[in-house]
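Observations on chain architecture
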Amino acid sequence: MSVSIEYIPTGSPVHRLHALTKLLFALAVLTISMLLSQPLPLLLLFFSLLGIAALASVSQEILSAVKGLLKVAFFLVLLQMFFYPEGTVLFAPVSSLPGLAVTDQGILFGISIALRMMVIVTSFLLFLTTTPARSTVLSLVEYLKVPYDYAFLFITALRFIPTFLEEVRLIGQAQEARAHDFSGGGPLARLKTIFPLALPLVMISLQRAERMAMAMETRGFGLPGRTYYRTEKPGAVDIMVIVALLSAVAVAVLLRF
Amino acid sequence: MPAKLTGRPLIEVRQLKHTYRSGGEALKGIDLTINTGEMIAVVGRNGAGKTTLTKHFNGLLRPTAGTVLLDGQDTAKLPVAQLARTVGYVFQNPDHQIFHERLFDEIAFGPRNLGLRGDELTARVDSALKAVDLTEYRDRDPGDLSRGQRKRAALASVLAMETAVIILDEPTSGQDYQESEQIMEILRELNRRGHTILFITHDMELVQEHAHRVLLIDDGKLVIDAPPQELFRQEQALTSAGLRLPPTAELEQRLAAFGIHSDAGTVEALATSIARRSSRIIARDSFDENCSGGVAACQ
Amino acid sequence: MLSITIENLTFSYPDCSSPALHEINLTMEAGEFIVITGATGAGKSTLLRSINGVIPHFQPGTLQGNVWLDGATPSGRVPVARVSAPQLARFIGSVFDDPEGQIVSPIVEEEIAFGLENTGVDPAQMDGRIAKALADCGISHLRHRATSSLSGGQKQRVAIAAALALAPKILVLDEPTSELDPDGTEAVLNVLSELNKNHGITIIIAEQKVTLLAPLCDRLVLLEKGRIALQGPPRQVFLHPHIFAKLGVELPAPARLAHALVQEGVLPPFDSPDAPPIPLTVEEAFTLSRQLL
Ligand SMILES: Nc1ncnc2c1ncn2[C@@H]1O[C@H](COP(=O)(O)OP(=O)(O)OP(=O)(O)O)[C@@H](O)[C@H]1O
Ligand SMILES: Nc1ncnc2c1ncn2[C@@H]1O[C@H](COP(=O)(O)OP(=O)(O)OP(=O)(O)O)[C@@H](O)[C@H]1O
Ligand SMILES: [Mg+2]
Ligand SMILES: [Mg+2]
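Quantities reported herein were computed from a predicted structural model and do not represent experimental measurements.

Attention shifts here to the interface of chain B and chain A. Contact residues are listed per partner, giving 24 residues for chain B and 21 residues for chain A. Counting the surface chain B buries against chain A, the share from its top three residues, Arg21(B), His96(B) and Phe99(B), is 32%. Taken together, the links from chain B to chain A amount to zero salt bridges. Counting every contact that joins chain B to chain A gives zero residue pairs in polar contact (both at pLDDT 80 or more). Looking at the side of chain B that touches chain A, the elements that each hand over two or more residues are α2 (80-83), β6 (87-90), α3 (103-113) and α5 (147-159) of chain B. For the side of chain B that touches chain A, the leading source of residues is α3(B), giving four residues. Counted by class, the side of chain B that touches chain A contains 14 nonpolar, six polar and four charged residues.

Moving on, we get to α3(B). Of all the 11 residues making up α3(B), nine are buried; the element is thus mostly covered by neighbouring parts of the structure. One or two positions beyond α3(B), positive phi appears at Gly115(B), with a value near 100°.

Moving on, we come to the packing of aromatic side chains. Applying the stated criterion across every chain yields a total of six aromatic pairs over all chains. Centroid distance Phe221(A) to Phe114(C): 6.0 Å. Interplanar angle 15°. Geometry classified as stacked. Residue Phe221(A) is found in the loop between α9 (195-217) and α10 (236-256), and its partner Phe114(C) is found in helix α4 (residues 108-118); the two belong to separate chains. For the pair Phe221(A) and Phe114(C), one class covers both residues: buried. A centroid spacing of 5.1 Å and a plane angle of 85° characterise the contact between Phe11(C) and Tyr13(C), whose relative ring orientation is edge-to-face. Take Phe11(C) and Tyr13(C): they sit in the same class, and that class is buried. The ring centre of Phe286(C) lies 4.2 Å from the NZ or CZ of Arg254(B), which sits over that ring. Here the basic side chain of Arg77(C) rests over the ring of Trp68(C), its NZ or CZ set 4.0 Å away from the ring centre.

Now for the UniProt feature "transmembrane region" (unreviewed entry) in chain A. Residue and element names in this part refer to chain A. UniProt records the feature "transmembrane region" (unreviewed entry) at residues 23-56, 68-85, 105-128 and 236-255, using the numbering of this structure. The annotated region residues 23-56 carries 88% helix and 0% strand content, and the separation between its end C-alpha atoms amounts to 15 Å. From the first C-alpha to the last, residues 236-255 spans 29 Å; its make-up is 100% helix and 0% strand.

All names here are of chain B. Relative to the elements of secondary structure, Val43 occurs in strand β3 (residues 39-43). Judged by its relative accessible area of 0%, Val43 is buried. A C-alpha to C-alpha distance of 37 Å links Val43 and Ser278, two positions 235 residues apart in sequence. Ignoring anything within four residues of it in the chain, the contact list for Val43 reads Lys50, Thr201, Met204, Val207, Val214, Leu215, Leu216, Ile217 and Leu243.

Another aspect to go through is unusual backbone geometry. Backbone geometry follows two general trends: most residues other than glycine have a negative phi, and most peptide bonds adopt the trans configuration. Residue and element names in this part refer to chain C. Backbone torsion omega between Ile55 and Pro56 reads 5°, so that peptide bond is classified as cis. Examined against the element boundaries, Pro56 turns out to sit in helix α2 (residues 54-57). One non-glycine residue, Asn8, lies in positive phi territory at about 45°. Looking at the secondary structure, you find Asn8 in strand β1 (residues 3-12). With phi around 60°, Asp15 is a residue other than glycine that occupies positive phi space. By secondary structure assignment, the location of Asp15 is in the loop between β1 and β2 (21-28). Looking at Asp15, the relative accessible area reads 81%, which means it is exposed.

This part is about the site of ligand 1. Taken together, the neighbourhood of ligand 1 is formed by 23 residues, with Thr51(B), Thr52(B), Arg145(C), Ser151(C) and Gln154(C) sitting nearest. Looking at what sits near ligand 1, you find residues from chains A, B and C. Note that an oxygen atom of ligand 1 is positioned 3.0 Å from one of the side-chain N or O atoms of Gln92(B). In the environment of ligand 1, a nitrogen atom lies 3.1 Å from a nitrogen or oxygen atom belonging to the backbone of Ser149(C). Out of a free accessible area of 640 Å², ligand 1 has 91% covered by protein chains. Of all the secondary-structure elements, those providing two or more residues to the shell around ligand 1 are α1 (50-54) of chain B together with α6 (152-165) of chain C. Here the residues of the shell around ligand 1 are counted per class, giving four nonpolar, 14 polar and five charged.

All right, on to the packing of helix α2 (residues 19-35) of chain A against α10(A) then. All names here are of chain A. Where α2 meets α10, the closest approach of the two axes is 10 Å, and the angle between their N-to-C directions is 10°. The angle between the axes of α2 and α10 places the two elements in the roughly parallel class. Of the residues in α10, those touching α2 at Thr21, Leu24, Phe25, Ala28, Thr31, Ile32, Met34 and Leu35 are Asp238, Val241, Ile242, Leu245, Ala248, Val249, Ala252, Val253 and Arg256. When the residues that make up the contact of α2 with α10 are grouped by side-chain class, the tally is 13 nonpolar, two polar and two charged.

Turning to its location among the elements, Glu179(C) is positioned in the loop between β7 (170-174) and α7 (182-199). The buried category is assigned to Glu179(C), whose relative accessible area is 6%.

Before going further, it helps to examine the interface of chain C and chain B. Reports often express the size of an interface as the amount of accessible area lost when the parts come together. At the junction of the two partners, chain C supplies 44 residues and chain B supplies 44 residues. On the chain C side of the interface with chain B, the three residues burying the most area are Thr40(C), Glu179(C) and Leu293(C), jointly 17% of the side's total. The interface formed by chain C and chain B includes five salt bridges. Where Arg254(B) meets Glu283(C), a salt bridge forms, and the shortest distance between an N and an O atom there is 2.9 Å. Across the contact surface, chain C and chain B share 16 residue pairs in polar contact (both at pLDDT 80 or more). Those elements that place two or more of their residues in the side of chain C that touches chain B are α6, α7, α10 (241-247), α11 (253-263) and α12 (282-292) of chain C.

Looking at the element boundaries, Gln102(C) is found in the loop between β6 (92-95) and α4. Measuring from C-alpha to C-alpha, the distance between Gln102(C) and Lys155(C) comes to 9.3 Å, with 53 residues separating the pair along the chain. For Gln102(C), the contacting residues outside a window of four places in its chain are Ala215(A), Arg219(A), Ser94(C), Val95(C), Phe96(C), Glu111(C) and Ala159(C). For Gln102(C), the side chain forms a polar contact with the main-chain oxygen of Ser94(C), separated by 3.1 Å.

Residues and elements named next belong to chain C. Of the two faces of β6, the one carrying Ile92 and Ser94 and the one carrying Gly93 and Val95 are both buried. For β6 and β7, the ladder comprises four bridges, and the chain directions are parallel. The residue bridging Val95 from the neighbouring strand is Leu173, located in β7.

This next bit is on the site of ligand 2. Near ligand 2 there are 19 residues, and of these Ser146(B), Gly148(B), Gly41(C), Ser45(C) and Thr46(C) occur at the shortest range. Two or more chains meet at ligand 2, and those chains are chains B and C. Elements supplying a minimum of two residues to the shell around ligand 2: α5 of chain B together with α1 (44-51) of chain C. Among the residues making up the shell around ligand 2, the classes are represented as seven nonpolar, eight polar and four charged.

Rules used in this analysis
Counting restarts for each chain, with residues numbered from 1 along the sequence as it is written. Here every chain gets a letter starting at A, and every ligand a number starting at 1, in the order they are written. Local features in this predicted model are restricted to residues of pLDDT 70 or higher, and side-chain atom pairs are both shown and tallied only at a pLDDT of 80 or more, whereas totals for entire chains, interfaces and linings draw on every residue. Here the side-chain values reflect all heavy atoms present in the structure, with hydrogen atoms and water set aside. Here, two residues are considered to be in contact whenever any of their heavy atoms come within 4.5 Å of each other. When two parts are brought into contact, each loses some accessible area as probed by a 1.4 Å sphere; the total of that loss over both is the buried area. Any Lys or Arg side-chain nitrogen located within 4 Å of an Asp or Glu carboxyl oxygen qualifies as a salt bridge. Here a polar contact means two N or O atoms within 3.5 Å. Within protein one must be a hydrogen donor candidate and the other an acceptor candidate, and residues neighboring in sequence count only if both atoms are side-chain atoms. The secondary structure listing takes helices from DSSP runs of H or I that are at least 4 residues long and strands from runs of E that are at least 2 residues long, numbered from the N terminus. Throughout, the ten residues Ala, Val, Leu, Ile, Met, Phe, Trp, Tyr, Cys and Pro are labelled nonpolar, Asp, Glu, Lys and Arg are labelled charged, and all others, Gly among them, are labelled polar. To sort residues, take the accessible area from a 1.4 Å probe on protein chains only and compare it with the maximum for the residue type: under 20% means buried, over 50% means exposed, and anything in between is partly exposed. Each Phe, Tyr or Trp ring (for Trp, its six-membered ring) is paired with any other whose centre lies within 6.5 Å, and the angle between the two planes then decides the class: stacked below 30 degrees, edge-to-face above 60, tilted in between. In our convention, an over-ring charge means Lys NZ or Arg CZ found within 6 Å of a ring centre and within 35 degrees of that ring's normal. UniProt positions are given in the numbering used here, feature names are shortened, and annotations may be inferred rather than shown by experiment. Here a residue counts as near a molecule or strand whenever at least one of its heavy atoms sits within 4 Å of it. Note that accessible areas follow from Shrake-Rupley with a 1.4 Å probe, and for residues the cover is restricted to the protein chains shown. Axis lines are fitted through C-alpha atoms, for helices just across the contact stretch, and the angle between N-to-C directions can take any value from 0 to 180 degrees. Any angle that falls under 35 degrees is termed roughly parallel, while one over 145 is termed roughly antiparallel, one within 65 to 115 roughly perpendicular, and all others oblique. Only strands that DSSP links by at least two bridges are regarded as paired with each other.

Encoded structure:
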């Protein structure tokens, strides 16, 4: 499974929105999905996210992530199906254990949970693939008053996931190129074969953390009086989208209560 | 000993294209045949596609389009660990492979994977260590070496596998002159023993001295495939691909107009030729009036 | 005016029996262009690290002696060890020998902007400075690329551009062109020379490519196992081919040709009064040879 959480610069209308707008969007989708409990509206919400992904020209990445998520979703449905007590019993695999009965509501509930999970993850993936890390840092600092150092470190940690994955790939390559076979044998053997990947990875990551601190400080990180290269202001479209988002959340709340 | 290979071309590249997911098209259709026993330099500007090309030869990268055949077999269909028995690959960045706490074990990693044990293993590792001048660091932590030393450690770990084909991505970058020469000498020795060697480099001096054939890559395409002397004659193509004549070759070319030739391609040979010429001129004036065609005509 | 004085500097890495630098004494004046060279493991990186503050701020080990920074504060000279790393960044820009480990931003232009932001440069100036630094390193076309997707040499150019953009008083560069193509090497070295000549920026560079640097630099320092084996202006240093041979460092081809011509008996020995100066460039070597014909 390859989940891309890297910023993909496609220059779409979605990319041009302010980071804050997109962050609010992800949070709004989160809230709404929590308020919705029926599969159908959740499904609608999910498909509209895919629509937005298409608009942002990141469908390929989102869909490959969704494929991976489906496995998790399937597991969630199974789990909920067997342990949901209410509703009409459809069938009971072990008749002496009524708790294990599969009910119609159980299935629906399981599907809802799974869909909700997919909706939430997808909306954050959309956020990450369409927003440069730097814009996120800036809006956190500027509008949400998070201290710069923390915001930067947080986002740097996030941004290192793709670099980390790239590193995993390269180290794997380097060891395979020395005839190391990663696919060997039973579970115990498997565990052993992973060492040549895991060890350099841990070492590189530790070194990397040290060198990062060094690279940052020797370029003045932590000096007072920091300035910002490009600060973006929310535009008219952003305001409109934010208003729409807030209304959607309000409607969802009203419908629920 | 290199593995016995059939009469087929060793590596056959047909219409190879490679596109990175988050980048442009790095290779734009390359056709190429490499035979057993060649010693090839791959040159080209930064970002030309050298690393991308050579990583296809042992399956580290899979073609987006086209095929790469190793000894007749499609590399895309074989696991890298198996290809590695035939093709050794030394990476541009040494830190991607070093993970042992003792240099000896780092070098022994590859040969162990090939099934070597005991005295044979020790002998292999020690001779590789000696070849790259790191014997005194045998039991040290490779993480504590200087960058140039780490690069040589990475090199040794592949040399120790003695694969039929050895590919080296900038093996001499960051090495001093003596180490560079020594590394190239090892590669030539391996080549004499039948190994096929491919090295990526920006050092035209090394190309001139050590390669039998040069592949000039530019913008994802194979622009020139020729012996070094021929490449250096096409100065235009060379400079437009971001490269330069090595100083010795440049001197040689500029002095050629004055009848100075260096048969060995070294400055010492140039000096000899200059010396001969400058004394001949005086000599000719005094006793050889028929000879006006330069040194060669005066033999 | 910012100068550096190294006094009796000895440094050992942890758990190492022999020191990596041994009793180094060296003064680097403001506006000098200094090349440090020597075999691998000779201590070039260690010397640069003790100038840019990596030693002792990040690299543990035992340090004796001092590296003084003169002119950074009104109160006279201060040891580098007493100035915090971010403060040092106001005066000294660094390029490390491992460009990959140096890059901290996901996008190329952000990487260049990073240091400018930290040191409080006016945002209105940033676009121009970023564009200039990228152009100087020949990577304007990579401005919006992801740093993780660059080739080895492209990453190295980004690291150099990031240091150039900061326009520090002193630039400390550790083998910055090791993975650059000849074109890029020439471009980068010319930019360094231009910064040095026209803006008085001190350049301290560790390199193997002495041939290219000799015509540009004021002083060459040859290290041998942690000690200074030879130093001086290139034309003087090149008078000692045997030391180069002993250290395993290549004497540039123009100088080698000149020595070979002396061997052949067509040039007077370089220590004689009527000897011509040792050629540094191909052009000079060519002119010298022509005069003999
Ligand atoms: N992992 C990657 N993702 C996306 N693009 C890449 C990746 N690796 C390389 N590229 C791009 O592909 C092109 C060819 O890169 P490659 O590494 O093959 O160049 P190279 O000739 O080895 O250059 P160098 O001399 O700088 O090492 C470059 O434009 C580079 O930016
Ligand atoms: N982190 C470290 N820990 C222990 N020893 C080290 C460390 N880094 C370097 N050394 C040792 O210190 C000596 C000097 O290393 P240094 O990196 O300064 O050499 P260098 O001249 O820069 O070499 P290169 O040309 O390979 O970069 C070497 O013998 C090296 O093995
Ligand atoms: Mg490369
Ligand atoms: Mg070094």
